[in-house]
Amino acid sequence: MAKQYEFSARGLPYLLVLPQMIVVFLFFFWPAAQAMWQSLFIQDAFGLSLTFVGMENYAKLFQDPLYLDSLVRSFVYAGFVALIAMSVALFLAVQANRRIRGALFYKTMLVWPYAVATLVAGVLWMFMFNPNIGVLSYLLFKRFGVEWNYLLNGSQAFLLVTLAASWKQISYNFVFFVAGLQNVPASLVEASAIDGAGPGKRFWRIVFPLLSPTTFYLLVMNLVYAFFETFPIIHQVTQGGPGQATTMLVYKVYRDGVFNLDLGSSSAQSVVLMALVISLTILQFRFVERRVTY
Amino acid sequence: MIEHSIVRRILPHLFLVLAIVVIVFPIWLVFSASTQTLADVLDAPMPVVPGMHLLENYGRALLEGTKSLGASALTMVKNSLIMALGISVGKIVISLLATFAIVFFRFPLRGFCFWTIFITLMLPVEVRIMPTYKVISDLGLLDSYAGLILPMIVSATAVFLFRQFFLSVPREMAEAAQIDGAGPMQFFARVLVPMSRTPIAAMFVIQFIYGWNQYLWPLLITTKERYYTLLIGINRMLAVNDALVEWPVAMATTLLAMLPPVLVVILMQRSFIAGMTETEK
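Bear in mind the structure is a predicted one, so any value in this text is a computation, not a measurement.

Let us now look at the overall build of chain A. Across its full length, chain A holds 12 helices and 2 strands. In chain A, the order of α-helices and β-strands from amino to carboxyl end is α-β-β-α-α-α-α-α-α-α-α-α-α-α. Relative to a compact globule of 294 residues, whose C-alpha radius of gyration would be 19 Å, chain A shows 24 Å and is clearly more extended. Projected onto the principal axes, the alpha-carbon positions of chain A cover approximately 75 × 75 × 30 Å. Burial status across chain A gives 41% buried among its 294 residues. Partitioning the intrachain contacts of chain A with sequence separation of at least 6 by distance along the chain shows that 67% fall at a separation of at least 24.

In structure tokens, the structure reads:
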């Protein structure tokens, strides 16, 4: 970096970063440290005394079949959400990126659902598939004889939250794929067409590899979204049920912490989740070029 | 572009229209439910064509809310708006100040401050639920606007975006301001902030939507109806026995909750796309 002009003032820069630093330490670092600290203790039933137990909370966690089940479930769920939301968005972005009439209209129509809250996405799907009054559950039963009741059937519940979560994420992915496609040089695609490559071959051999930074970035973001940001859908639609069918990790932390008041286990779960976000973030910064170095 | 057969020209339209139908249908259904009587909604299958009770249902939602809830949508719109504006404006202000310090000053803790902000990316509220709750409760901020807003106003994204922009500002401008006798803060307020309109607008759109759509945090720290946001209200309206749900009013409230962020995206589409693709890539 070339030598640049800089203001000289002793106290001022500290004053300027102070508000940011106070919030970061008070609401981010201190709670995170608390979670790590508390994960090493067990609280008695009255919340009066703490007993140091070392890694026992973690050991218990990874021997608990319910936790392991939730862990596997969350990964499967996140994988499906990322796969569905990304492939649909990529397909639509390719269509909208052709020189067709009304491309701008299509893009607007596909972008605005980004603003729909995750909770609202849950409400929309819950309403369509409500076992008693849902229009689509009625249709499923009358037309196809499918007995739809996601409140009783675990697979149906899992399917419903997966679809609702994917539906909500398509717009986000669409914006990035459209931006990515616009950076693919048209000359390259035309050259390969002249060489006789068909549309499928052109897409998979030329366009898709050039999109891979976008795709990889989106993969990480979609996994983060599915793991952490779809809590409202679970909370609204299924409350983790029926049984354990839709108890994803974040929902479990919430339930164990807020309702079961199991502070040690909930803290240990929080730390596991932290490790998960940190690895996803590192993965992203390792592989996606991002200019944040100093 | 290359092939010109009719099928090839029509197919993309077909797929895109189909996608729009899939996206719009659930919202249409909610709209339709919000214009009918409860009896019509309960009598499966509900009519897909809107009914005649739009004004009645929206009036009730805005002024009274459902019987079980005890909060009107008007109050909840106010709360959501305060939270969304508090979060978005708060994030922009403290990020602008911090980024100004990091880019335009040299001080020993500069790198440390930058990385501190960067690390917050890895600590979303979902992974520190209980301890953050404890901090807010120790500070006596449960059921308050400050409690809703403060823990949300750190933004690594905003710092990245502003940093990128500030680095592109010619340094001669800062030097010239200094020579003209303007202090750093005058340069900041009169030159730098007005120049940053575009990134500020982009950040505002993204963060307003983020703030408006917050759910887990208000769910944890609001227990009084007075502080319910729209999303919390919707959840509470639907969290009663299925037979007691007042669907038309609840669905009217759901639509009201969607409207402001959707309008922001449509009206500020260019800022929105810029905010999304330039910061996060």
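If you tally the helices and strands in chain B, you get 15 helices and 0 strands. At 24 Å, chain B has a C-alpha radius of gyration far larger than the 19 Å of a compact globule built from 281 residues. With the principal axes as the frame, chain B shows a C-alpha extent of 75 × 65 × 35 Å. Burial analysis of chain B (281 residues in total) assigns 48% to the buried set. Sequence separation of 24 or more characterises 73% of the internal contacts of chain B that already satisfy a separation of 6 or more.

Quick look at the interface of chain B and chain A now. Tallying the contact residues gives 79 residues for chain B and 77 residues for chain A. For the side of chain B that touches chain A, the element with the most residues is helix α1 (residues 6–33) of chain B, which contributes 11 residues. Along the lines of polarity and charge, the residues of the side of chain B that touches chain A split into 61 nonpolar, 10 polar and 8 charged.

Next up on the list: the nonpolar core. Core analysis: the biggest nonpolar cluster contains 163 residues, and A:F174, A:V250 and B:A98 have the highest contact counts within it. Counting residues per element, this core draws most heavily on helix α4 (residues 73–104) of chain B, which supplies 15 residues. Discounting chain neighbours no more than four positions away, the residues touching A:F174 are A:A89, A:L92, A:A93, A:L110 and A:V111.

Most of helix α5 (residues 118–128) of chain A sits out of view: 11 of its 11 residues are buried. Where α5(A) is concerned, the buried positions are A:T118, A:L119, A:V120, A:A121, A:G122, A:V123, A:L124, A:W125, A:M126, A:F127 and A:M128.

All names here are of chain B. One way to put it is that helix α13 (residues 230–238) packs onto helix α14 (residues 247–267) with a least axis distance of 10 Å and a crossing angle of 160°. Taken together, the axes of α13 and α14 lie roughly antiparallel to each other. Crossing angle aside, the handedness with which α13 passes α14 is left-handed. Residue-level contacts link L230, L231, G233, I234, M237 and L238 of α13 to A250, T253, T254, L256 and A257 of α14.

With 21 residues, α14(B) extends 30 Å from end C-alpha to end C-alpha; this agrees with the ideal 30 Å at 1.5 Å per step. Along α14(B), the sharpest change in direction is near 30° and occurs at B:L259; proline B:P260 comes one to four residues later.

Our focus in this paragraph is the confidence of the model for chain B. Mean pLDDT over chain B: 87, with 98% of residues reaching 70 or higher. Confidence estimates for the predicted assembly give a pTM of 0.89 and an ipTM of 0.89.

The next point concerns the environment of B:P47. All names here are of chain B. Within the fold, P47 resides in the loop between α2 (38–42) and α3 (54–63). On the basis of neighbour count, P47 is assigned to the partly exposed category, with 14 C-beta atoms found within 10 Å. Separated by 120 residues in the primary sequence, P47 and L167 place their C-alpha atoms 57 Å from one another. The contacts of P47, once residues within four sequence positions are left out, are S32, Q36 and D40.

Residue and element names in this part refer to chain A. Residue G241 is joined to P242 through a cis peptide bond whose omega torsion reads -5°. Its location among the elements puts P242 in the loop between α10 (231–237) and α11 (249–259). Phi at Q239 takes a positive value of approximately 50°, unusual for a residue other than glycine. Positionally, Q239 belongs in the loop between α10 and α11.

Looking now at the confidence of the model for chain A. When pLDDT is averaged along chain A, the result is 87; 95% of the residues meet or exceed 70. A low-confidence stretch, residues 290–294 of chain A (pLDDT under 50), is modelled with 5 contacts involving residues beyond four sequence positions or located in other chains.

Calculation criteria
Residues numbered from 1 in each chain as written. Chains lettered and ligands numbered in written order. Predicted model: local features only at pLDDT ≥ 70, side-chain atom pairs only at ≥ 80, totals over all residues. Helix = DSSP H or I, 4+ residues; strand = E, 2+ residues; numbered from the N terminus. Rg over C-alpha atoms; globule rule 2.2 N^0.38 Å. Buried ≥ 20, exposed ≤ 12 C-beta atoms within 10 Å, placed from the backbone. Contact = placed C-beta atoms within 7 Å. Nonpolar A, V, L, I, M, F, W, Y, C, P; charged D, E, K, R; others polar. Core = buried A, V, L, I, M, F, W, Y, C linked by C-beta atoms within 7 Å. Axes fitted to C-alpha atoms, helices over the stretch in contact; angles between N-to-C directions. Parallel < 35°, antiparallel > 145°, perpendicular 65-115°, else oblique. Left-handed = near helix turned anticlockwise from the far one by under 90°. Expected span 1.5 Å × (residues − 1). Bend = angle between axes of the 7 residues up to and from the residue. pLDDT = per-residue confidence, 0-100.

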